[in-house]
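# Structural overview
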Amino acid sequence: MQLQKHSAIAKVLDQIPTPCYVCEEALLEENLKRLAYVQEQTGAKILLALKGFAFTPLFDRVGKYLHGCTASGLHEAKLSHEVMGKETHTYSPAFKESEFEEILSISDHVVFNSFAQWEKFRALAKERVSCGLRVNPEVSASPADLYNPCGLYSRLGITRAQFRPEQLEGIEGLHFHALCEQNVDALEAVLEGFEANFGAFIPQMRWINFGGGHHITREDYDVEGLIRVIRAFRARYNNIPVYLEPGEAVGWQTGPLVASVLDIVENGMNIAILDTSAEAHMPDTLAMPYRAQIRGAGEAGEKAYTYRLGGNTCLAGDIMGDYSFDAPLHVGQKLIFEDMIHYTIVKNTTFNGIKLPDLGVLRKDGRFEVVKEFGYEEYRRRN
Ligand SMILES: *Cc1c(COP(=O)(O)O)cnc(C)c1O
């Protein structure tokens, strides 16, 4: 299990309304500084992948260090353009004609997922943005099929068998995205496959995008190794510009979700009902699946008092897991679910009418602020 960075949440816990995601500015900045160091050392440009972290109240921090955002379609491109206002790189598994003009007007790079899409949009796109193709290097060691872009029958990226060298006129870049929460060894394996399959076309390109999934801000990530790999790659291809687009690594361990105990019931064991939901507010605990860490809690049975923690929806499986505590839980007590900023807020739903957690920021000077509040309106508009 990963060590938590030095969170300062405990000092402001009584000010936090629940449920609330709290992003800690100081921890986000630590991540951004590490990413900036990789940029400095390699000349690579790093973009924020909005899919994993779209916390706009701190986009000014992100934009200070990174070059812009990577978007997966019109809405993310608009968010990048409107709020960050730096480079916008847009890739989509398939672009729609009705949205394409607007995407062109706000994007710097547009990456196509097939030659059919490239043919369809080539005339419109070629003069206005830098066009690229997403390829499938057919190498990956992603931990779960749900998150493996290079798995069997993947729709994401062009395989070598489908690649048409005679249709590259106007293509300036190649893009791959093959990693998920991985270290440099996995990137090296992917690069080997990428170069074996597509290396012959790299010299005619103006940029290469290494996608996301680089867990650069994780404690055990080999940052110096990444720097060596990028430098060596660039050296092999006449100093070609390289982009990286991590999402999770930007928001990694930058803050918790804080929830309160609403009731405690008993049915063969003690069960605490919280004012949050695994299904709606921390969906990867069910989808990945993984077990969230709770500050001060242990595995079931490890400490004196064990509880099953459940959400406040009517879904039977809306369970965060079984946890133990040194003292009995009580109604009104706040629990801190660690590392709940990336891939949670962006996936939230109003399932069952449950309230979306508010968004809070813990500033560097120790001040806590609620920056977005949600209520009935969010549910009403969608139903
Ligand atoms: C999801 C995604 C990313 C970011 O991946 P992380 O695992 O969050 O770093 C980058 N590029 C593309 C194309 C993606 O789909």
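Residues numbered from 1 in each chain as written. Predicted model: local features only at pLDDT ≥ 70, side-chain atom pairs only at ≥ 80, totals over all residues. Heavy atoms only, no water.

Going by the annotation in an unreviewed UniProt entry, the name recorded for the chain is Carboxynorspermidine/carboxyspermidine decarboxylase, with Sulfurospirillum tamanense given as the source organism. The UniProt entry for the chain carries the following comment under Cofactor (unreviewed entry): "pyridoxal 5'-phosphate". (UniProt positions renumbered as here; feature names shortened; annotations may be inferred.)

## Side note on the nonpolar core
Soluble, globular proteins show a tendency: their nonpolar side chains are buried together. In this structure, Leu-309 and Phe-337 are the most contacted members of the largest nonpolar core, which totals 90 residues. The leading source of residues in this core is helix H6 (residues 184–198), at seven residues. Composition of this core by domain shows at least three residues from each of domain 1 (9–22 + 253–381) and domain 2 (25–251). In this view, Leu-309 contacts Ala-272, Leu-274, Ile-294, Ile-319, Met-320, Gly-321, Tyr-323, Phe-325, Leu-329, Leu-335 and Phe-337; residues no more than four positions away in its chain are not counted. Grouped together as the second largest cluster of nonpolar side chains are nine residues, Ile-9, Val-12, Cys-20 and Val-258 included. (Core = buried A, V, L, I, M, F, W, Y, C linked by side-chain atoms within 4.5 Å. Buried < 20%, exposed > 50% of the residue type's maximum accessible area, 1.4 Å probe, protein only. Helix = DSSP H or I, 4+ residues; strand = E, 2+ residues; numbered from the N terminus. Domains from an automatic or database assignment. Contact = heavy atoms within 4.5 Å.)

## Focus: the domain arrangement of the chain
Here the chain is partitioned into domain 1 (9–22 + 253–381) and domain 2 (25–251). In this structure, domain 1 and domain 2 have C-alpha centres spaced 32 Å apart. Between domain 1 and domain 2, the residue contacts involve 20 residues of the former and 24 residues of the latter. Summing both sides of the interface, domain 1 and domain 2 together bury roughly 1,700 Å²; the carbon and sulfur share of this comes to 63%. The interface formed by domain 1 and domain 2 contains two salt bridges. For Lys-364, the salt bridge goes to Glu-29, with nearest N and O atoms at 3.0 Å. Counting every contact that joins domain 1 to domain 2 gives eight residue pairs in polar contact (both at pLDDT 80 or more). Counting residues per element, the side of domain 1 that touches domain 2 draws most heavily on strand S16 (residues 358–362), at four residues. Considering only residue class, the side of domain 1 that touches domain 2 consists of 10 nonpolar, four polar and six charged. (Buried area = accessible area lost by both parts, 1.4 Å probe. Salt bridge = Lys/Arg side-chain N within 4 Å of Asp/Glu carboxyl O. Polar contact = N/O pair within 3.5 Å; in protein donor to acceptor, adjacent residues only side chain to side chain. Nonpolar A, V, L, I, M, F, W, Y, C, P; charged D, E, K, R; others polar.)

## Digging into the packing of helix H3 (residues 74–84) against helix H4 (residues 97–106)
It is at 10 Å that the axes of H3 and H4 come closest, and there the two elements cross at 25°. Taken together, the axes of H3 and H4 are roughly parallel relative to one another. Handedness of the crossing formed by H3 with H4: left-handed. Every residue of H4 that contacts H3 at Leu-74, Ala-77, Lys-78 and His-81 is listed here: Glu-99, Glu-102, Ile-103 and Ile-106. Across the contact of H3 with H4, the residue classes break down as four nonpolar, one polar and three charged. (Axes fitted to C-alpha atoms, helices over the stretch in contact; angles between N-to-C directions. Parallel < 35°, antiparallel > 145°, perpendicular 65-115°, else oblique. Left-handed = near helix turned anticlockwise from the far one by under 90°.)

## What about the site of the ligand?
In the vicinity of the ligand, the residues found are Ala-49, Lys-51, Arg-134, His-175, His-177, Gly-212, Gly-213, Glu-245, Pro-246, Gly-247, Glu-248 and Tyr-343. Within the backbone of Glu-248, a nitrogen or oxygen atom sits 2.9 Å from an oxygen atom of the ligand. Of the residues belonging to the shell around the ligand, the class tally is three nonpolar, five polar and four charged. (Near = heavy atom within 4 Å.)

## Observations regarding the side chain of Ser-260
Its place among the elements puts Ser-260 in strand S10 (residues 257–266). A polar contact of 2.7 Å, which involves the side chain of Ser-260, links it to the side chain of Thr-18.

## Remarks on the pairing of S10
Where strand S1 (residues 20–24) meets S10, two bridges bridge the pair, whose relative direction is antiparallel. Residue pairing across strands places Cys-20 opposite Val-258, the latter belonging to S10. Relative to strand S15 (residues 334–337), S10 runs antiparallel, the two being bridged by four bridges. When the sheet's bridge partners are listed, Leu-257 is paired in S15 with Phe-337. Sheet analysis places S10 next to strand S11 (residues 270–274), joined by five bridges and oriented antiparallel. Directly across from Val-261, in S11, lies its bridge partner Leu-274. (Pairing = 2+ DSSP bridges.)

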